[in-house]
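Each chain, written out:
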Amino acid sequence: MLVLQAVPAPGRDAYRLLRGRIKAATTWNWSNKGKTRLKHVQRPKGGYIAIANANGVLVAHIWPKTPADLFYLAEKFTGRLVAWLESDLLAINIQFVVEPRKPTKRRKRR
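Chemist: An account of the overall build of the protein is needed here, citing residue identities and associated values.
Modeler: In terms of regular secondary structure, the protein is built from two helices and six strands. For the protein, the succession of helices and strands along the chain, N to C, is β-α-β-β-β-β-α-β. Projected onto its principal axes, the C-alpha positions of the protein cover 65 × 30 × 25 Å. Looking at the protein as a whole, 33% of its 110 residues qualify as buried. Taking all contacts inside the protein whose residues are at least 6 apart in sequence as the whole, residues at least 24 apart take part in 58%. Only carbon and sulfur atoms are counted for the fraction: they give 52% of the accessible area of the protein, which is about 8000 Å². On the protein, the mean spot of the 22 positive side-chain charges and the mean spot of the 6 negative ones are 17 Å from each other.

Structure representation (structure tokens):
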């Protein structure tokens, strides 16, 4: 999983700025009613990006279906952040997070 953080300039809220831009975007759609998951129009089954607000800092968790989707979603999302919010952002941080392993189910002996 990949986590992106968009740090806004003082007095700005990157989360609100992004949500305002998504309303007019033709390449991104909300995939849930809470408007916290983004899907790219060209890859509707390629995973999603979960966005959240942390005191104005935009936090985006990229959940791909395949490894190729990780690159695609990260590239498209980072490009849109730079294109839309360049003058409003100070930094974009990328973190690689190792997903925890799911515990295996144990069978009971009879």
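Chemist: How would you summarise the nonpolar core if you had to cite specific residues and measurements?
Modeler: With 22 residues, the main nonpolar core has Leu18, Trp28, Ile49, Ile51, Leu58 and Phe77 as its most contacted residues. Among the elements that take part in this core, helix H2 (residues 67-85) stands out by supplying six residues, more than any other. Those residues in contact with Leu18 that sit more than four places away from it in its chain are Ile51, Leu58, Phe77, Leu81, Trp84 and Leu85.

Chemist: An account of the environment of Ala14 is requested, with residue identities and associated values reported.
Modeler: Its place among the elements puts Ala14 in helix H1 (residues 14-24). Along the primary structure Ala14 and Ile51 are separated by 37 residues, whereas in three dimensions their C-alpha atoms are 11 Å apart. Beyond its immediate sequence surroundings of up to four residues, Ala14 is in contact with Ala6, Pro8, Gly56, Leu58, Leu85 and Leu89.

Chemist: Explain the packing of H1 against H2 residue by residue, including any values.
Modeler: Direction vectors running N to C along H1 and H2 enclose 95 degrees, while the axes themselves pass 11 Å from each other. As far as their axial angle goes, H2 and H1 are roughly perpendicular. Listed contacts from H2 to Ala14, Leu17, Leu18, Arg21 and Ile22 of H1 are Phe77, Leu81, Trp84 and Leu85. When grouped by side-chain class, the residues that make up the contact of H1 with H2 number eight nonpolar, no polar and one charged.

Chemist: Summarise the pattern of salt bridges; cite the residues concerned and give the values.
Modeler: A complete count under the given rule lists three salt bridges for this structure. A salt bridge links Arg12 to Asp88; the shortest N-O distance between them is 3.3 Å. Of this pair, Arg12 sits in the loop between strand E1 (2-8) and H1 while Asp88 sits in the loop between H2 and strand E6 (89-96), placing them 76 residues apart in sequence.

Chemist: Let's hear about the environment of Pro8: which residues, and what values?
Modeler: Relative to the elements of secondary structure, Pro8 occurs in strand E1. Once the C-alpha coordinates of Pro8 and Glu86 are considered, the two residues, 78 residues apart in sequence, prove to be 9.6 Å apart. The contacts of Pro8, once residues within four sequence positions are left out, are Asp13, Ala14, Gly56, Val57, Asp88, Leu89 and Leu90.

Chemist: Let's hear about H1: which residues, and what values?
Modeler: All buried positions along H1 are accounted for by Ala14, Tyr15, Leu18 and Ile22. Take H1 and look down its axis: the buried residues cluster within an arc of 95 degrees, on one side only. In H1, the exposed positions that point more than 90 degrees away from the buried face belong to Arg16, Lys23 and Ala24. Looking at where H1 begins, the residue whose side-chain oxygen comes 3.2 Å from the main-chain nitrogen of Tyr15 is Asp13.

Thresholds applied
Residues numbered from 1 in each chain as written. Predicted model: local features only at pLDDT ≥ 70, side-chain atom pairs only at ≥ 80, totals over all residues. Heavy atoms only, no water. Helix = DSSP H or I, 4+ residues; strand = E, 2+ residues; numbered from the N terminus. Buried < 20%, exposed > 50% of the residue type's maximum accessible area, 1.4 Å probe, protein only. Contact = heavy atoms within 4.5 Å. Areas by Shrake-Rupley, 256 points an atom, 1.4 Å probe, with all protein chains shown as cover. Lys, Arg positive; Asp, Glu negative; His and termini not counted. Charge placed at Lys NZ, Arg CZ, Asp CG, Glu CD. Core = buried A, V, L, I, M, F, W, Y, C linked by side-chain atoms within 4.5 Å. Axes fitted to C-alpha atoms, helices over the stretch in contact; angles between N-to-C directions. Parallel < 35°, antiparallel > 145°, perpendicular 65-115°, else oblique. Nonpolar A, V, L, I, M, F, W, Y, C, P; charged D, E, K, R; others polar. Salt bridge = Lys/Arg side-chain N within 4 Å of Asp/Glu carboxyl O. Arc of directions from axis to C-beta. Polar contact = N/O pair within 3.5 Å; in protein donor to acceptor, adjacent residues only side chain to side chain.

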